[in-house]
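Notes for the structure review
Chain by chain, the residues run as shown.
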Amino acid sequence: MKKKYTSSDIEVLKGIEPVQKRPGMYTDTTNPNHLVQELIDNSVDEAISGFCDHIIITLHSDNSISVEDNGRGLPVDKHPDHKVSGVEVIMTNLHSGAKFSDKNYKFSGGLHGVGVSIVNALSESLSVVVVRGGDKHQYEMTFSNGSIKNQLSKMKKNIKKKSGTIIKFKVNEKYFDTHKLDIKDLHNLVKAKSILQPGLKLQVIDELYEKGITDYLHNGDLGDYLIKSTEGLSFIPARPCSGNFESSELTIDWSCVWLTESTDTIQASYVNLIPTSNGGTHVNALKTAVVESLRDFCTRKKLLPKNIKLTPDDVWKNTSFIISLKMMNPQFAGQTKTKLQSANISSLLTPKLKDSFEIWFNQNSETAKMIANLVISNAEERTNANIPNVRKNNKNTLLPSRLSDCLIKDIRANELFLVEGDSAGGSAKQARDKNFQAILPLRGKILNTWELNSSKILDSREVKDISTSIGVEPGNSDLSRLRYGKICILADADSDGLHIATLLLALFLKHYEPLVKSGHIYIAKPPLYRVDFKKDTFYVIDDRDLNTTLKKMKIDSENKDLSITRFKGLGEMNPSQLRETTLSKKSRKLLALTLSNRSKDYEMMDMLLNKKKSSERKTWLEKKGNLAHFE
């Protein structure tokens, strides 16, 4: 019998119920960091408008979090339409706030009017304390799971605060993968806010994790910030190329440098002090301006070699930049605001930025020529990489553009990680120790080289990049030009990752056996699970390791204090997690590839990878395919 579809089947979610129904549409549910950011953004909006110069973020020992500012304080008078206090309207309704027009805030980040109500919806408890300037009283209101617990009450002021707002909340753990904050990301966010808004003091009082008080107060410019961010790297110019301009609609500040010996660039963008990790209109305008003005400079100075054309990737491969835009009514892609989509400002930004860079390049002609030579070198490397039958492994061999090399050239100390995917490669570049660890991202599953002749496998771009990077040709026993002492396979801990790792093992075993015999090939073991129990965190590499860990800790899998997160892949791990679990010598699990019995090992690999042995493979899978581990 067919189920009838009537009006009674239609749900109408009121107030903040939509957030509780689909939290992932409104915030990042990995951890509560984005909730804290929402509150900080509101306080920063007060600072941008000139009403606040001090923000305090406290991580309390009971896992609650509070954000306090000395701004004007949330409105406590009754709303003319809703007939309840402004605090109640803001905390219990989506799309409510004072930032839909420029009446109270010319530039602000909280434009959707949903930020603080999201925090309320996803918190098991939340309290608001408001002090209004000139008032001898303070106002308090409390909530439980998004619903009002105690109405707004007026009481005699018992804090010294002249004006401002304090919001304290404790997240409801059921909405998040883990209730623990990413402390490093939080400090990076707070530090960036202080730099982007000179004169604003932000304090992080940590009573829970690292315990201590950290103050952030900055009075310099973006150039100073960029220099500190690229500390230890060689770049030009010595003083960053910086600029700014203002109009009635927006203000923009930017700063750029070009790294000369590394591609580990810092590329940070902000809109109304909110980090836009996925860029958007303002970043596109900056990139277009730099590319076009540098192309014009090279053409005018006749610097380009014959048949060489500059692409945006040639220019941006070595470019580190910070850009901060403040504008009215920015349009973001989603509530997490990671990308600016305000197309209307592009026609204003691009020509203004281009004019500024053209002036700078002409006024600093010698430095501009150094930048141009760096960019042209990238273009030549890209062009040569696409030319077939280039001689390999001579002293003038060009290394793959995707390779992020290390500083130390001594193979007794250095390491190369062959990483699955560009996303994981990006995290690995940030997580590595640049002194001795190099990263080569690989795209997709590499060629099955088991049945191929060594002379043929270099037709594969991925294999060619590996060969060029390590300095050894396939089938060659001469290791005199080997560039790395450890060559480490780093793939996801899931079945796809294990498949890629197997193909790489086959490559080295069949075509680079001298590297295996000499002990140069290793397999990194990244975690598949993160286990959080109370204040302790553990990383485990597979299901068997997970069960062993739980038994060792005597923890029941249903324990309410236990949280188990399964990583979808290396790209899902942030750089600090990847460093701690997989790259740091102190804590990583790295297995050396050895031959226990050469004939049997080859026989096993042949059965697994030879296309003609599918029947043997089927029989083997039927007998042993249920096993997760093999000796």
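In what follows, the structure referred to is the one given above.
Residues numbered from 1 in each chain as written. Predicted model: local features only at pLDDT ≥ 70, side-chain atom pairs only at ≥ 80, totals over all residues. Heavy atoms only, no water.

Another point: the pairing of strand β13 (residues 319-327). Among the nine residues that make up β13, nine are buried, leaving the element largely enclosed by the rest of the structure. Covered by surrounding structure in β13 are Thr319, Phe321, Ile323, Leu325 and Met327 together with Ser320, Ile322, Ser324 and Lys326, the residues of both alternating faces. For strand β10 (residues 250-259) and β13, the ladder comprises nine bridges, and the chain directions are antiparallel. Residue pairing across strands places Ser255 opposite Ile322, the latter belonging to β13. Across five bridges, the pairing between strand β11 (residues 267-271) and β13 is parallel. Bridging from a neighbouring strand, Tyr270 pairs with Ser324 of β13. (Buried < 20%, exposed > 50% of the residue type's maximum accessible area, 1.4 Å probe, protein only. Helix = DSSP H or I, 4+ residues; strand = E, 2+ residues; numbered from the N terminus. Pairing = 2+ DSSP bridges.)

In this model helix α7 (residues 281-300) runs 28 Å from its N-terminal to its C-terminal C-alpha over 20 residues, within 8% of the 28 Å that 1.5 Å per residue would give. Regarding α7, the residues found buried are Thr281, His282, Val283, Ala285, Leu286, Ala289, Val290, Val291, Ser293, Leu294, Phe297 and Cys298. Once α7 finishes, Lys302 follows within two positions and takes phi at roughly 55°, a positive value. (Expected span 1.5 Å × (residues − 1).)

Another aspect to go through is the nonpolar core. Val36, Ile40, Ile57, Val128 and Phe169 are the most contacted members of the largest nonpolar core, which has 61 residues in total. Sequence-distant contacts of Val36, defined by excluding residues within four places in its chain, comprise Ile57, Ile65, Val67, Phe169, Leu181 and Leu186. Ile236, Val291, Met327 and Phe332 belong to the second largest nonpolar core, which has 41 residues in total. (Core = buried A, V, L, I, M, F, W, Y, C linked by side-chain atoms within 4.5 Å. Contact = heavy atoms within 4.5 Å.)

A separate point is the side chain of Glu415. By the secondary structure assignment, Glu415 is in strand β14 (residues 415-420). Overall, the relative accessible area of 1% leaves Glu415 in the buried class. Engagement of the side chain of Glu415 in a polar contact is seen with the side chain of Gln437, the distance being 3.1 Å. With residues up to four places along the chain from it excluded, the contact list for Glu415 reads Phe436, Gln437, Ala438, Tyr484, Lys486, Lys585 and Arg588. (Polar contact = N/O pair within 3.5 Å; in protein donor to acceptor, adjacent residues only side chain to side chain.)

Pairing geometry for strand β16 (residues 486-490) and strand β17 (residues 521-524), over three bridges, is parallel. Across the sheet, residue Ile487 finds its bridge partner in β17, namely Ile521. The pairing of β17 with strand β21 (residues 590-592) spans three bridges and is antiparallel. Counted as the bridge partner of Ala524 is Leu590 from β21.

Here the structure, examined in full by the defined rule, presents 20 salt bridges. Of the charged contacts in the structure, one is a salt bridge between Asp405 and Lys409, with a shortest N-O distance of 3.2 Å. Among the residues examined, Lys409 registers a relative accessible area of 55% and is labelled exposed. Here Arg588 makes a salt bridge to Glu415, at a shortest N to O gap of 2.8 Å. Of this pair, Arg588 sits in the loop between α16 (575-583) and β21 while Glu415 is found in strand β14, placing the two residues 173 residues apart along the sequence. Each member of the pair, Arg588 as well as Glu415, carries the same accessibility label: buried. Residues joined in a network through salt bridges with shared partners are Glu292, Asp296, Lys354 and Glu358. (Salt bridge = Lys/Arg side-chain N within 4 Å of Asp/Glu carboxyl O.)

Here we take up the sheet that holds β10. As summarised here, the arrangement of the five strands in space is β9-β10-β13-β11-β12, forming an open sheet in which the pairing is mixed. Taken across any chain shown, the strands that pair with only one partner, and hence form the sheet edges, are β9 (235-246) and β12 (274-275). The pairing of β9 with β10 spans eight bridges and is antiparallel. Looking at the pairing, Asn244 lines up with Asp253 of β10. Sheet strands touched by helix α6 (residues 222-229): β9, β10, β11 and β13. Its angle to β9, the strand with the most contacts, is close to 145°. (Axes fitted to C-alpha atoms, helices over the stretch in contact; angles between N-to-C directions.)

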